[in-house]
Amino acid sequence: MKLKNTWTKLIFLTLILAFLFWLPIPGIRASSEAGNLIYWFLVAFLNTLVLGYMIVNSKWSGWKLVLTTFAVFYGVMTFLSQIEIIVFLTYFEEIIPPEMIPKLFVEGFIVAAVFSPIAVVVHGKSHKKSALCGGPFIELLIWLACCDHTLLEV
């Protein structure tokens, strides 16, 4: 899917991210109210803008960029904010029940895992040769495959 206009890409990714924020995840959260949708769009647009800038200006591509985007997105959106809740839990007990905290980590993981590859593909950075291809990682896998054959022969 090639989208030529930058604004079209941003709006498309904003709609996807807002939908992921709004989408109910069974056992974790229910869908948000329609009145909160405008806030989800604003948050999604700002997140898409920052991540899009990072993706477009990155020298990396492919899975290396997807994993980096996931780590940045999950780390900033979920991990950092939830660590603050855990540290200051005594002050937040009235707002967030303690059994909800692991669900918030899983929710952020799911959203970041789905959105990161989509954002990299839409920005056109997935078609280039990944830094993993032909590198030491692939050579390690080939070496392990050769070792596996020698172990089977013995």
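Structure first, text after, so check above.
Residues numbered from 1 in each chain as written. Predicted model: local features only at pLDDT ≥ 70, side-chain atom pairs only at ≥ 80, totals over all residues. Heavy atoms only, no water.

Participant: Please explain the side chain of Thr78 as it appears in this structure.
Facilitator: Tracing the backbone shows Thr78 in helix 3 (residues 62–87). Exposure remark for Thr78: the relative accessible area of 6% places this residue in the buried category. Once you skip the residues sitting within four places of it in the chain, Thr78 turns out to touch Phe73, Leu104, Phe105 and Gly108. (Helix = DSSP H or I, 4+ residues; strand = E, 2+ residues; numbered from the N terminus. Buried < 20%, exposed > 50% of the residue type's maximum accessible area, 1.4 Å probe, protein only. Contact = heavy atoms within 4.5 Å.)

Participant: What should I look at first to understand helix 5 (residues 101–122) in this one?
Facilitator: Each turn of an α-helix holds 3.6 residues, which means side chains three or four residues apart point in the same direction. The first and last C-alpha atoms of helix 5 sit 32 Å apart over 22 residues, in line with the 32 Å expected at 1.5 Å per residue. When helix 5 is considered as a whole, its buried residues turn out to be Ile101, Leu104, Phe105, Glu107, Gly108, Val111, Ala112, Phe115, Ser116, Ala119, Val120 and Val122. Residues of helix 5 that are buried sit in contact with helix 1 (6–22), helix 2 (37–56), helix 3 and helix 4 (89–92). Trailing helix 5 by a residue or two, Gly124 shows a phi angle of about 75 degrees, which is positive. (Expected span 1.5 Å × (residues − 1).)

Participant: In this structure, what is going on with the packing of aromatic side chains? I would like to understand it.
Facilitator: How two aromatic rings sit relative to each other is given by the distance of their centres and the angle of their planes. A full pass over the atoms with the stated rule returns eight aromatic pairs. Ring plane angle 35 degrees and centroid distance 5.2 Å describe the contact between Phe21 and Trp40, whose orientation is recorded as tilted. You can see Phe21 sitting in helix 1 and its partner Trp40 sitting in helix 2, a full 19 residues away along the chain. Ring centres 5.2 Å apart and planes at 85 degrees place the aromatic pair Phe70 and Phe109 in the edge-to-face group. Separated by 39 residues along the polypeptide, Phe70 in helix 3 and Phe109 in helix 5 bring together distant segments of the chain. Clustering of aromatic rings is evident, with ring pairs tying together Phe70, Tyr74 and Phe109. (Phe/Tyr/Trp six-rings, centres within 6.5 Å; stacked < 30°, edge-to-face > 60°.)

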